[in-house]
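Residues per chain, in single letters:
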Amino acid sequence: MATALPQPKAGILDIDPYVPGESKLPAGLKPIKLSSNETPLGPSPKALDAVREAIGELERYPDGSASALRAAIAARYGLNPSRIVCGAGSDELLTMLAHAYLGPGDEAIFTEHGFLLYRIIVLANGATPVVAPETNYQTDTAEILKRVTPRTKMVFLANPNNPTGTYISFDEVRSLRAQLPSNVLLVLDAAYAEYVRRNDYEAGIELVATTPNTVMTRTFSKIHGLAGLRLGWAYCPEEVADVLNRSRGPFNISVPAMAAGAASIADKTHEEASALHNERWLPWLSGELEKLGLTVTPSVANFILVHFAKDGGKTANAADAFLKERAIIVRKVGAYGLPDCLRITVGTEADNRAVVDALSAFLGGRGA
Ligand code: PMP
């Protein structure tokens, strides 16, 4: 007798599982890890102290409303705490938003080389992913608007985008919002906002404050150096915050994550030091690789997209293998539709010099 087995919802088995940046090398080699856009400066010392203190309370459930953390975030940015929702990484918030607003028959738009999670969470809810081409590896809002149909429910926009490192200006985002139908939820994923040094950039706070259908997500994983604790936050219209608070796990933020996040968001000095490190080394890394003859997409984030030859011996795959032999791990981005590129995170000075030296050897054929 045939026995029927449990079946997942339609869409789930269409998902290619997310492959994180690599972190392991053959035994004995200490890796230089430039594959996951983590900060080379680590977390704020104040966040570490807060975690040490929080360890004394692990038998207790966390405050399910994360009120101290939300108050700290609100104080830092001058926000209304009741419109902030925290998640176990911004991944969880993006996932909760898709879960709450998408179902079979719905469409969600994201860009050609947009963050991979968007496709996963759209498919996981039985909805249809709609891909808008980019222009020069940059979001093209006209292409997004062309793809809006009566079935469109959400638009996901990483600004700056991962893995391209490009951004669009506040004027462009505002104009996109104004032209999207009012029932379409625009999600501004601003995971790298703190790194951006451009006068025409705005992470999303202003649009969330002034429109009823825009959400901004932020993370503690990047400039705050707390990726391992899993913490992010969303700034939402009241109605969206209410939806997320109804549907989220009641204790989705752990005690150490909450303590670290509140301490970190208040430590502007550490954040500024990380931003300054990036401001110094992002142009250096891009410039040195360009001097080697590589094309680097201009980035405003803490990583760069580097383009290699399509064929011959100097491809992205060959470069990746060459770097790996030298214990340098970067990110292959074939899954993002960029098989001829590698994404390299800005690291410590020594890491940055090591990757430039290694790529110089790779391209010059030295040390191969
Ligand atoms: N959005 C973008 C654009 C990202 O690059 C990342 C991290 N890779 C995330 C969201 C998710 O980060 P986290 O879940 O650690 O907050």
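For the structure, check the block above.
Report follows, based on the coordinates. These numbers were taken from a predicted model, which means no experiment stands behind them.

### Here we look at the sheet that holds strand β13 (residues 341-345)
Here comes step 1: Judged by pairing direction, the sheet is antiparallel, and its 4 strands sit side by side in the order β9-β10-β13-β12 without closing on themselves. Strands at the two margins of the open sheet, each flanked by one partner only, are β9 (295-297) and β12 (331-332).
Here comes step 2: Direction of pairing for β12 relative to β13: antiparallel, over a ladder of 2 bridges. Of the residues in β13, the one forming a bridge with Lys332 is Leu342.
Here comes step 3: Packed on one face of the sheet, helix α10 (residues 268-291) meets β9, β10 (303-307) and β13 and runs near 10 degrees to β10.

### Re the pattern of salt bridges
Here comes step 1: Using the criterion set out here, one finds 19 salt bridges in the structure.
Here comes step 2: Across the salt bridge formed by Asp242 and Arg246, the nearest N and O atoms sit 3.0 Å from each other. Of this pair, Asp242 and Arg246 both sit in helix α8 (residues 238-247), 4 residues apart, which is roughly one turn of that helix.
Here comes step 3: On the accessibility criterion, Asp242 (34% relative accessible area) is partly exposed.
Here comes step 4: Among the ionic pairs, Arg353 bridges to Glu349, the shortest N-O distance being 3.0 Å. One end of the pair, Arg353, and the other, Glu349, are both in helix α12 (residues 349-364), 4 residues apart, so they sit about a helical turn from each other.

### A word on the packing of aromatic side chains
Here comes step 1: According to the stated counting rule, one finds 10 aromatic pairs in the structure shown.
Here comes step 2: Seen from their ring centres, Tyr61 and Phe251 are 4.7 Å apart, and the 40 degrees between their planes marks the pair as tilted. One end of the pair, Tyr61, is in the loop between α1 (45-54) and α2 (67-77); the other, Phe251, is in the loop between α8 and α9 (255-266), and 190 residues separate them in sequence.
Here comes step 3: A relative accessible area of 65% places Tyr61 in the exposed class.
Here comes step 4: Plain terms: the ring middles of Phe115 and Tyr118 are 5.6 Å apart, the flat faces sit at 85 degrees to each other, and that makes the pair edge-to-face.
Here comes step 5: Connected via pairs of aromatic rings, a cluster forms that spans Phe110, Phe115, Tyr118 and Phe156.

### Quick look at the site of the ligand
Here comes step 1: Taken together, the neighbourhood of the ligand is formed by Gly89, Ser90, Asp91, Phe115, Asn162, Asp189, Ala191, Tyr192, Thr219, Ser221, Lys222 and Arg230.
Here comes step 2: One of the backbone nitrogen or oxygen atoms of Ser90 is found 2.7 Å away from an oxygen atom of the ligand.
Here comes step 3: In the model, an oxygen atom of the ligand is placed 2.5 Å from a nitrogen or oxygen of the Thr219 side chain.
Here comes step 4: In isolation the ligand exposes 410 Å². Once the protein is present, 94% of that is buried.
Here comes step 5: Residues of the shell around the ligand, tallied by class, amount to 3 nonpolar, 5 polar and 4 charged.

### Some words on the packing of α10 against α12
The angle between the axes and the distance between the axes are what describe a pair of packed helices.
Here comes step 1: α12 packs onto α10 with a crossing angle of 5 degrees between their chain directions and a minimal axis gap of 10 Å. Considered as vectors, α10 and α12 are oriented roughly parallel to each other. Mapping the contact onto sequence places His277, Trp281, Trp284, Leu285, Glu288 and Leu289 in α10 and Glu349, Asn352, Arg353, Val355, Val356 and Leu359 in α12.
Here comes step 2: When grouped by side-chain class, the residues that make up the contact of α10 with α12 number 7 nonpolar, 2 polar and 3 charged.

### So, the pairing of β13
Here comes step 1: Of all 5 residues in β13, 5 are buried, a share of seventy percent or more.
Here comes step 2: Here β13 shows no split at all, with Cys341, Arg343 and Thr345 on one side and Leu342 and Ile344 on the other all buried.
Here comes step 3: As defined by bridge partners, β10 adjoins β13 across 5 bridges and the pair is classed as antiparallel. By the bridge assignment for β13, Ile304 is matched with Ile344.

### Remarks on the side chain of Asp189
Here comes step 1: Within the secondary structure, Asp189 is located in strand β6 (residues 185-189).
Here comes step 2: Within the buried set, Asp189 has no salt-bridge partner at all; the shortest N-O distance to an opposite charge, 8.2 Å, is to Arg218.
Here comes step 3: For Asp189, the side chain forms a polar contact with the main-chain nitrogen of Ala191, separated by 3.3 Å.
Here comes step 4: If we skip the residues at most four places from it in the chain, Asp189 touches Leu94, Phe115, Tyr118, Leu157, Ala158, Asn159, Pro160 and Thr217.

### Brief notes about the environment of Leu292
Here comes step 1: Residue position: Leu292 is located in the loop between α10 and β9.
Here comes step 2: Of the residues examined, Leu292 reaches a relative accessible area of 29% and is grouped as partly exposed.
Here comes step 3: Separated by 71 residues in sequence, Leu292 and Leu363 place their C-alpha atoms 7.6 Å apart.

### Description of unusual backbone geometry
It is generally the case that most residues other than glycine have a negative phi and that most peptide bonds are trans.
Here comes step 1: Residues Asn159 and Pro160 are joined by a peptide bond in cis, for which omega reads 0 degrees.
Here comes step 2: Among the structural elements, Pro160 can be located in the loop between β5 (152-158) and α6 (170-179).
Here comes step 3: In this structure, Pro163 follows Asn162 across a cis peptide bond, with omega equal to 15 degrees.
Here comes step 4: Of note, Pro163 is situated in the loop between β5 and α6.
Here comes step 5: Positive phi is not limited to glycine here, since Asn37 has a value of about 55 degrees.
Here comes step 6: In this structure, Asn37 sits in the loop between β1 (32-33) and α1.

Reading guide: rules and limits
Residues numbered from 1 in each chain as written. Predicted model: local features only at pLDDT ≥ 70, side-chain atom pairs only at ≥ 80, totals over all residues. Heavy atoms only, no water. Pairing = 2+ DSSP bridges. Helix = DSSP H or I, 4+ residues; strand = E, 2+ residues; numbered from the N terminus. Contact = heavy atoms within 4.5 Å. Axes fitted to C-alpha atoms, helices over the stretch in contact; angles between N-to-C directions. Salt bridge = Lys/Arg side-chain N within 4 Å of Asp/Glu carboxyl O. Buried < 20%, exposed > 50% of the residue type's maximum accessible area, 1.4 Å probe, protein only. Phe/Tyr/Trp six-rings, centres within 6.5 Å; stacked < 30°, edge-to-face > 60°. Near = heavy atom within 4 Å. Polar contact = N/O pair within 3.5 Å; in protein donor to acceptor, adjacent residues only side chain to side chain. Areas by Shrake-Rupley, 256 points an atom, 1.4 Å probe, with all protein chains shown as cover. Nonpolar A, V, L, I, M, F, W, Y, C, P; charged D, E, K, R; others polar. Parallel < 35°, antiparallel > 145°, perpendicular 65-115°, else oblique. Lys, Arg positive; Asp, Glu negative; His and termini not counted.

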